[in-house]
Amino acid sequence: MIKLAPSILSADFANLGQDIQMIDQAGCDYIHIDVMDGMFVPNISLGVPVIKRVREYTDKVFDVHLMIEEPSRYIEAFKNAGADIITVHAEACKHLHRVVSLIKSYGIKAGVSLNPATPISVIEYVIDQLDMVLVMSVNPGFGGQAFIPSALHKINALRDVICGRGLTCDIEVDGGVTLDNVKSIVDAGANVIVAGSAIFNCDDVEKRIKAFRDAAE
Ligand code: DX5
Ligand code: ZN
């Protein structure tokens, strides 16, 4: 069974609470929240106060994707805002092992994300501590970009590592996921699917979420 995590980066920020309730009622699994600092990525999105406020609109899992430099500075704040899973970028952490341990110390799930050009080897010595690896299939920073095909090979190789070492961590894929490519992504080994524009840019979100589940089978 895959988990669907709509990215609210493509939601209507003027009606964020309603949009979150809409994807909640439409049957999503996680709410994927993209935090951008204008340094690690060339865009600024939203932060702790917004997450704290929209936490009141749903009980779904808050899957917080931190695209920020040295995220260790803010783990406690995002945890207190209501994050259930915190994912940091390997490229943004000088001491990745320490950051992962910090996230776990708060009793929440820890993920590490890899940019398209980053090899799997950078997580070799932390993967056994992780609940999730997030494979970026676009260069992070913006919604609506095209899927980078080499991500499929990375997902496949990562699935081999996880199975080979008897681990249970999830593989999440983020960026350019559509109804047309979701099957190949799941077949490669991903089990948590992020989609922003492909979920929010449609007339019937409930139908679209069902279509994603059908297409992924
Ligand atoms: C990109 C973000 C994604 C983004 C995905 O940096 O991490 O979560 O919202 O948007 P789509 O699905 O439109 O590529
Ligand atoms: Zn994301």
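Residues numbered from 1 in each chain as written. Chains lettered and ligands numbered in written order. Predicted model: local features only at pLDDT ≥ 70, side-chain atom pairs only at ≥ 80, totals over all residues.

Draft legend 1. Spatial organisation of the site of ligand 1. Near ligand 1 lie 22 residues; those nearest to it are Ser7, Pro140, Gly143, Gly196 and Ser197. At the level of elements, β2 (30-36), β8 (192-195) and α7 (197-200) are the ones that each hand at least two residues to the shell around ligand 1. Of the residues that constitute the shell around ligand 1, the class distribution is 8 nonpolar, 12 polar and 2 charged. (Near = placed C-beta within 6 Å. Helix = DSSP H or I, 4+ residues; strand = E, 2+ residues; numbered from the N terminus. Nonpolar A, V, L, I, M, F, W, Y, C, P; charged D, E, K, R; others polar.)

Draft legend 2. Helix α5 (residues 150-164), seen in detail. Look at α5: 21 Å from first C-alpha to last across 15 residues, which is about the 21 Å you get at 1.5 Å a residue. Listed in full, the buried residues belonging to α5 are Ala151, Leu152, Lys154, Ile155 and Leu158. Axial view of α5: buried residues confined to an arc of 160°, hence all on one face. For α5, the exposed residues set more than 90 degrees away from the buried face come down to Ser150, His153, Asp160, Cys163 and Gly164. Its buried side turned inward, α5 meets β6 (132-136), β7 (170-174) and α6 (182-188). Backbone geometry just downstream of α5 places glycine 166 in the positive-phi region, at approximately 65°. (Expected span 1.5 Å × (residues − 1). Buried ≥ 20, exposed ≤ 12 C-beta atoms within 10 Å, placed from the backbone. Arc of directions from axis to C-beta. Contact = placed C-beta atoms within 7 Å.)

Draft legend 3. Spotlight on the sheet that holds strand β3 (residues 61-67). What the 8 strands build is an open sheet, ordered β1-β8-β7-β6-β5-β4-β3-β2; its pairing is parallel. Each having just a single partner strand, β1 (3-6) and β2 make up the two edges of the open sheet. Here the strands of the sheet are splayed against their neighbours by 20° on average, with no regard to which way each runs. Pairing of β3 with strand β4 (residues 85-89) involves 4 bridges; the strand directions are parallel. Paired with valine 64 across the strands is isoleucine 86, a residue of β4. (Pairing = 2+ DSSP bridges. Axes fitted to C-alpha atoms, helices over the stretch in contact; angles between N-to-C directions.)

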